[in-house]
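# Coordinate inspection notes
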Amino acid sequence: MTKKIFTLLAFTLTTLTASAQENKWFQDLKLSGYGMVQYQASDKENDEQNTFNLRLVRVALDGRAHDDFAYKLQMQVNGNTSEGSSAIRLVDLWGEWQKYEFFRVKAGQFKRPFTFENPMHPITQGFMCYSQNVSKLAGFSDRTGEQASNGRDMGLQIQGDFLKVNGRNWLHYQVGVFNGEGINVKDKDNRKDVIGGLWVMPIDGLRVGAFGWKGNRVGIGEKNRYALSAEYNKYDWTFRTEYIHSQGYGADITKGDKADGVYALCIAPVITKKLHVKARYDLYRNEKTWESSKTFYEVGADYLFSKNLQLNIEYARVNERSGHFNYNLVDAELDIRF
């Protein structure tokens, strides 16, 4: 069944591409995708792992309608490994009116405007997975117990860049209203989440920002979150750090109503645009106590054979205070773009 659906999807996207190329109303139509093949092993006591995995396989269609309207459709054709589902599913479907740089309107299903890391491409974010605080507090495998949604939701958003100095904008804002349920479902309680962010870019390559998220779910109660973020990305160097705080009960109310986490990372070029070494400190506290903390101390490297083929290798020492576990984890990934 899955094979038939994937074949139908590929045929449909190819047909749309061919038709759109003959229609001048559509511009810059592009069919693309990527796959991430993973090997991971750990020696955690009573839970050893040694497995190959298809981390992600996605196919996307994006382009423009006239000069003012951009759109994207993206399907995930392997399972979501965080919940073990093997179903093909829609992850993105949105359109954005982009006539004015300082005021753009986006509607559909897309990334929540929360943190710098959440909207990043899984390959270019730099490590074997998104940081723990982003995963648990931005809608991946969220603390609330909502369905795993890859940081996405359905809603309406406005955003823009302004205060241009010497050809470069200094300020960016974004704010949106969302169902609060995750992807591919209607709102179940008619309540909405409001999420927004503001950042400044005082020098080329540097941005410093803050984000807020307020929601209220039946059976869960209030969800109040904020994030503080900073990133420098220039000359093939990347430094990034983000702190996220969450107030509001999760799926397990015995774990309290507060959680937080922080990460800090560096990606440094050995050969520019070719070979990098990297390190990340990644801490998450599920109950905002040190006794509930889980910490990854990571080092690794990546090598780009070409812009479409990349190899990543990482080692992590993991400390789980709640279970008194200390263990080693090795991850290797081959990332392919097409």
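For clarity, every value in this text was computed on a predicted model and none was experimentally measured.

## Observations regarding the environment of Ala259
On the secondary structure map, Ala259 appears in strand β12 (residues 258–271). Between the C-alpha atom of Ala259 and that of Ser293, which follows or precedes it by 34 residues, the distance is 9.7 Å. Discounting chain neighbours no more than four positions away, the residues touching Ala259 are Arg143, Ile244, His245, Ser246, Tyr284, Arg285, Asn286 and Lys288.

## A word on the packing of aromatic side chains
Aromatic rings considered in pairs are described by the distance between their centres and by the relative angle of their planes. Applying the stated rule across the entire model yields 16 aromatic pairs. Between Phe110 and Phe178, the ring centres sit 5.6 Å apart and the planes meet at 65°, which makes this aromatic pair edge-to-face. One end of the pair, Phe110, is in strand β5 (residues 103–111); the other, Phe178, is in strand β7 (residues 168–178), and 68 residues separate them in sequence. Grouping residues by exposure puts Phe110 and Phe178 together as buried. Ring centres of Tyr130 and Phe140 lie 4.7 Å apart, and the angle between their planes is 40°; this geometry places the pair in the tilted category. Highlighted residues: Tyr130 in the loop between β5 and α2 (132–137) and Phe140 in the loop between α2 and β6 (152–165), separated in sequence by ten residues. Assigned by exposure class, Tyr130 and Phe140 land together as buried. Lying across the ring of Trp213, Arg225 places its NZ or CZ 5.0 Å from the centre.

## Details of the pairing of strand β10 (residues 221–234)
As paired elements, strand β9 (residues 206–217) and β10 share twelve bridges and run antiparallel to each other. The partner of Trp213 across the bridge, within β10, is Arg225. Inspection of the sheet shows β10 paired to strand β11 (residues 237–247) by eleven bridges, in the antiparallel sense. The residue of β11 that forms the bridge with Tyr226 is His245.

Here is what the cut-offs are and how they apply
- Residues numbered from 1 in each chain as written.
- Predicted model: local features only at pLDDT ≥ 70, side-chain atom pairs only at ≥ 80, totals over all residues.
- Heavy atoms only, no water.
- Helix = DSSP H or I, 4+ residues; strand = E, 2+ residues; numbered from the N terminus.
- Contact = heavy atoms within 4.5 Å.
- Phe/Tyr/Trp six-rings, centres within 6.5 Å; stacked < 30°, edge-to-face > 60°.
- Buried < 20%, exposed > 50% of the residue type's maximum accessible area, 1.4 Å probe, protein only.
- Lys NZ or Arg CZ within 6 Å of the ring centre and 35° of its normal.
- Pairing = 2+ DSSP bridges.

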